[in-house]
Amino acid sequence: MATVDSTPEETEPKERIAHPFRTLQELVNFVSGKSLPSAEPEEGVRSEALPFPFLAIVGQQEMKLALLLGLINPSIGGILLVGPRGTAKTTAVRSLLDLLPQVERSLCFYGCLPEDIEIGGIDAVCPDCSKKYAEGKPLSVQDRVHLIELPLNSQLDDVVGGIDERLVATHGRQRVRRGILAQADRNLLYIDEINLLADNIVDSILDAAAQGSYTVRRGPISATYHARFVLVGSMNPEEGRLRPQILDRFGLRVIVRGLDNLSERLEAYRRVQVYLSNPRGMANSYSEETLAAAEEIQSARVQLPKVILPDKIAKPAIKLIHKLGIDSLRSEIAWFEAARAYTAADGRIKVTSEDLRAVAPMTLRLRRSAFMAEYFNNQEGEELELNVLLGGIGK
Ligand SMILES: [Zn+2]
């Protein structure tokens, strides 16, 4: 991340990029003024195939903003949605389908990309890809980000991969089968009810997410896969708590509450009714705005590498984190990266304190640990006691 101190005249682009929505906030606040399609049932359309339009979700501004920021900047480090059932968490994640950006997709089983060579040299890719690269053949194609959902009953072998039993049976050969994490490379991985998943599975997912790759060892064979994905988890705290180390790994944390405004609730009900009876009509009535929003996200992703965070904005922010008693370094990474995404979405290249303010709650909440505060206090007491005792030696 670039952090530079400079005056606005030096770094602001001459012209702002034309945006269908002036700001990301405007996009998130968007409510279609158009009349909704008729509630006539349409035959043969599966609602899963046509997700509820993202822009038709009533309220839940912070959740929508967090999900969009995650699409713009995967370095934010994942999004956790915490709330009771029936608050549109899963609907919102699935509705991202029409907004997912384009990425470079590896043509290789192991997920090698040309940028791996640019960063880590020719040894950073598999032998097949280094040969292809030397011959000037493409290692990747342009493709849309996919939404991968992890089933709650997944076993560790499904997640990280295991021995391909079919290959063993038919060809007598052993090879490691790609797991869900390898399939999630450069995609969005959604885990509903993440707090109910077995600890070893959650740990392997979080390790892969943090490193961007993982290695599977089964007897004499091992394989390393790329796993650079945007992780979205959702949970209902009534059904079991989430371990603190898992909480720490999510960059953004959104508390999702039910709508308390009566007219918003009624509007949400009406839209769900229309969608259930005619999903295609619903998708069509939002198609223009959805396309504009998708373009907005794509152009923000292009803009993102140019976005800088000036020292004079960053330093007070770190001071504030310290004041809050938050220890994890992940808090400023998430905060600053979310602010950069927010700035990019607004067509600017310099983060302001307003940008930091806009994304602060979702990056800083649920970070303080009462346990650590008490632990450090006790530790300080022990240090003092030791010093007093040590001072007495030899007297
Ligand atoms: Zn490869």
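Scoring rules and cut-offs
Residues numbered from 1 in each chain as written. Predicted model: local features only at pLDDT ≥ 70, side-chain atom pairs only at ≥ 80, totals over all residues. Helix = DSSP H or I, 4+ residues; strand = E, 2+ residues; numbered from the N terminus. Contact = placed C-beta atoms within 7 Å. Pairing = 2+ DSSP bridges. Axes fitted to C-alpha atoms, helices over the stretch in contact; angles between N-to-C directions. Expected span 1.5 Å × (residues − 1). Buried ≥ 20, exposed ≤ 12 C-beta atoms within 10 Å, placed from the backbone. Arc of directions from axis to C-beta.

Draft legend 1. Fine view of the environment of isoleucine 163. As for its position among the elements, isoleucine 163 is in the loop between helix 7 (156-160) and helix 8 (165-171). Sequence-wise, isoleucine 163 and arginine 177 are 14 residues apart; in three dimensions their C-alpha atoms are separated by 5.7 Å. Not counting residues up to four positions away in its chain, the partners in contact with isoleucine 163 are Val168, Gln174, Val176, Arg177 and Arg218.

Draft legend 2. Quick peek at the sheet that holds strand 5 (residues 188-192). Taking strand neighbours across the sheet as the criterion, the five strands line up as 4-5-8-1-9 in an open arrangement whose pairing is parallel. Both edges of this open sheet fall to strand 4 (147-149) and strand 9 (252-255), since each of them pairs with a single strand only. Pairs of neighbouring strands in the sheet enclose a mean axial angle of 20°, with direction left out of account. With four bridges joining them, strand 1 (residues 79-82) and strand 9 adopt parallel strand pairing. Across the sheet, the residue bridging to leucine 80 is arginine 253, located in strand 9. The strands that helix 3 (residues 61-72) touches are strand 1, strand 8 (230-235) and strand 9; relative to strand 9, the one it contacts most, it runs at about 160°.

Draft legend 3. Molecular detail of helix 16 (residues 330-345). Between its first and last C-alpha, helix 16 extends 22 Å over 16 residues, near the 22 Å set by a 1.5 Å rise per residue. Counting buried positions over the 16 residues of helix 16 gives 13, a clear majority of the element. Glycine 347 occupies a position one or two residues after helix 16 and carries a positive phi of about 75°.

Draft legend 4. Just unusual backbone geometry, in detail. Not every positive phi belongs to a glycine, and glutamine 60 is a case in point at roughly 55°. Looking at the secondary structure, you find glutamine 60 in the loop between helix 2 (24-28) and helix 3. The residue glutamate 193 is not glycine, and still its phi comes out positive at about 50°. Looking at the element boundaries, glutamate 193 is found in the loop between strand 5 and helix 10 (199-211).

Draft legend 5. Representation of the environment of tyrosine 214 within the structure. Note on placement: tyrosine 214 falls in strand 6 (residues 213-218). Between the C-alpha atom of tyrosine 214 and that of valine 160, which follows or precedes it by 54 residues, the distance is 8.1 Å. Those residues in contact with tyrosine 214, other than ones at most four positions away along the chain, are Val160, Leu181, Ser204, Asp207, Ala208, Tyr225 and Ala227.

Draft legend 6. Here's a closer look at helix 17 (residues 353-364). Between the first and last C-alpha of helix 17 there are 15 Å, a value that for 12 residues agrees with the 16 Å anticipated at 1.5 Å per step. Those residues of helix 17 not exposed but buried are Asp355, Leu356, Ala358, Val359, Met362 and Thr363. For helix 17, the arc enclosing every buried residue in end-on projection is 160°, short of the 170-degree limit, so these residues lie on one face. Exposed side chains of helix 17 directed beyond 90 degrees from the buried face belong to Glu354 and Arg357. Along its buried surface, helix 17 packs onto helix 3, strand 9, helix 15 (311-323) and helix 16.

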